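Descriptive analysis of the structure
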Amino acid sequence: KVELIRRLVDSGLRDIEVSSFVRPSWIPQLADAADVIARLPRGTDVRFWALVPNRRGQERALDSGVTHVATFLSASETHNKKNLNRTRRESLSGLEQVIGVARDEGVHVRAYISTVFGCPYEGAVNPAETLGLARALLDLGADELALGDTTGMGNPTMVTDVLRTLVNGGIPLDRIGLHMHDTRGTGLANVLAGYQFGVRTFDGSVAGVGGCPYAPGASGNAASDDLVHMFEAMGVDTGVDLNALAEAGVMLAGALGRELPGRYHRYHVGACDTVARTTA
C-alpha cells in the first residue's frame, strides 16, 4: 500500500485518500490504516486524506497525525441505513461533532454525499434532498463537498441538473467535487459534463479498482488514468505524469493478482506487452 501511494505521489497527484478508519470488523483490509499513515512520504506538498465514519474513527485518525479527513453520508435514507446503520438525521447529528472537532484541530474536512445520482434500493433521488444535505454540511463547517454516483446510475443530463440545483440553491461551485463510479460505463461522460459546468475536482481510483460492499453491483470510481488521459488529450494540464500513473496501476494489478477494469490501464498493459514481444 505504501509503495502504491509513493508511486502516486511521484506521478504528480497531490490529493490522495490513503485509508479509512472504519471499524476493522467491518472492513478488515483497512485495519492497518494507522500503520500505512505512519509510513507515508514526508516533506511533500501532497494532501493525504483518511475517511472517518464517526467520532471514534476520527479519534484514531487524529492520533495518526492526519490533517485531512473525509466524512460521508447518503442522499438516500435506505442506503444510509444500510451503509451506516443510522438515519440521515442521526448521521448529521454525529457529523456535527466530528466536523466541529476537526475544525478545532485545524483539520480540513471533505464531506461525501453518496447515492446523489441514484440509489440501488430507492431508485431516483430528488436533487432537493442533496441540496438540503449540502447546506447542512457546509453549515456544520465542512470545507468542501463531494457528490457521489455510488452505483454509476447517473448520466450527463442528471449531473448538470443536480449541479444547477445546488448552485441555484446557494452552494458555491468551487466547493463541489464529483465522485463518479463507472458501473455502467458513463463515468467519463459524467465527469466531462461536470467539467463543462465548471467543476474542477474529480475523484478517481487507480486503474478503476474498487466498489462498495453496501451498493450491489457497484464498480470502482472512474479510473484515474482514464481521467488524466481524457483531460490531457483535451489540452487540460493536470500536472500528472500519465505513464507513471499507469505504471502504478500495473503494480497494483500485480499485487492483487487480477486484471483491473480501467480502459487506459488495459491499453497500457497491452502496449507494454506488444513492445516486450517486439523487443524479444
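Throughout what follows, the structure given in this document is the object of discussion. Here the structure is a predicted model, which means the values were calculated and not measured.

All right, on to the overall build of the chain then. Within the chain, the regular secondary structure consists of 11 helices and six strands. Here the chain has a C-alpha radius of gyration of 18 Å; the compact-globule value for 280 residues is 19 Å, and the two agree. Principal axes of the C-alpha set define a box for the chain whose edges measure 60 × 40 × 35 Å. Evaluated residue by residue, the chain yields a buried proportion of 49% over its 280 residues.

Strand pairing in a sheet relies on backbone hydrogen bonds. The paired strands run either parallel or antiparallel. Pairing is parallel across the open sheet formed by six strands, whose spatial order is β1-β2-β3-β4-β5-β6. Both outer strands of the open sheet, β1 (15–20) and β6 (176–180), are each paired with one neighbouring strand and no more. Taking each pair of neighbouring strands and ignoring which way they run, the sheet shows an average axis angle of 30°. Here helix α4 (residues 77–84) sits on the sheet in contact with β3 (68–74) and β4 (108–114), set at roughly 125° to β3. With respect to the sheet, helix α8 (residues 187–197) is in contact with β5 (144–149) and β6, its orientation differing from that of β6 by roughly 170°.

In this section: the packing of helix α1 (residues 2–11) against helix α10 (residues 242–256). Contact geometry of α1 with α10 gives a least axis separation of 8 Å together with a crossing angle of 170°. Classified by the angle their axes make, α1 and α10 are roughly antiparallel. Where α1 approaches α10, its residues Glu3, Leu4, Arg7, Leu8 and Ser11 are matched on the opposing element by Ala244, Leu245, Glu247, Ala248, Met251 and Leu252. Here the residues of the contact of α1 with α10 are counted per class, giving seven nonpolar, one polar and three charged.

With seven of 10 residues buried, helix α9 (residues 224–233) is to be regarded as a mostly interior element. Those residues of α9 that sit buried are Ser224, Asp225, Asp226, Leu227, Val228, Met230 and Phe231.

The subject of this paragraph is the environment of aspartate 203. Its place among the elements puts aspartate 203 in the loop between α8 and α9. Overall, aspartate 203 belongs to the buried group, its relative accessible area being 12%. Between the C-alpha atoms of aspartate 203 and aspartate 15, which are 188 residues apart in sequence, the distance is 9.3 Å. Residues in contact with aspartate 203, not counting those within four places in the same chain, are Arg110, Tyr112, Leu178, His179, Asn221, Ala222 and Leu227. A distance of 2.6 Å separates a polar atom in the side chain of aspartate 203 from a polar atom in the side chain of histidine 179.

Moving on to the pattern of salt bridges. Close approach of charged atoms allows side chains with opposite charge to pair. Within this structure, the stated rule accounts for 15 salt bridges. Residue glutamate 3 is joined to arginine 6 by a salt bridge in which the shortest nitrogen-to-oxygen separation is 2.6 Å. Here arginine 6 and glutamate 3 lie together in helix α1, a separation of three residues that amounts to about one turn. Residue class for glutamate 3 comes out partly exposed when judged on its relative accessible area of 31%. Taking the shortest distance from any N to any O, the salt bridge between glutamate 3 and arginine 7 comes out at 2.9 Å. Highlighted residues: glutamate 3 and arginine 7, both in helix α1, separated by four residues, approximately one helical turn.

Let us now look at the side chain of asparagine 221. Inspection of the secondary structure puts asparagine 221 in the loop between α8 and α9. On the basis of relative accessibility, which here comes to 11%, the residue asparagine 221 falls in the buried class. A distance of 3.4 Å separates polar atoms of two side chains, one belonging to asparagine 221 and the other to histidine 181. When sequence neighbours within four positions are dropped, the list of residues in contact with asparagine 221 reads His179, Met180, His181, Asp182, Asp203, Gly204, Ser205, Gly208 and Val209.

Of note, the phi angle at asparagine 85 is positive, near 60°, even though the residue is not glycine. The phi dihedral of alanine 207 is positive, around 55°, even though this residue is not glycine. Summarising the element assignment, alanine 207 is placed in the loop between α8 and α9. Using a relative accessible area of 0% as the deciding quantity, one classes alanine 207 as buried.

What counts, and at which threshold
Residues numbered from 1 in each chain as written. Predicted model: local features only at pLDDT ≥ 70, side-chain atom pairs only at ≥ 80, totals over all residues. Heavy atoms only, no water. Helix = DSSP H or I, 4+ residues; strand = E, 2+ residues; numbered from the N terminus. Rg over C-alpha atoms; globule rule 2.2 N^0.38 Å. Buried < 20%, exposed > 50% of the residue type's maximum accessible area, 1.4 Å probe, protein only. Pairing = 2+ DSSP bridges. Axes fitted to C-alpha atoms, helices over the stretch in contact; angles between N-to-C directions. Contact = heavy atoms within 4.5 Å. Parallel < 35°, antiparallel > 145°, perpendicular 65-115°, else oblique. Nonpolar A, V, L, I, M, F, W, Y, C, P; charged D, E, K, R; others polar. Polar contact = N/O pair within 3.5 Å; in protein donor to acceptor, adjacent residues only side chain to side chain. Salt bridge = Lys/Arg side-chain N within 4 Å of Asp/Glu carboxyl O.

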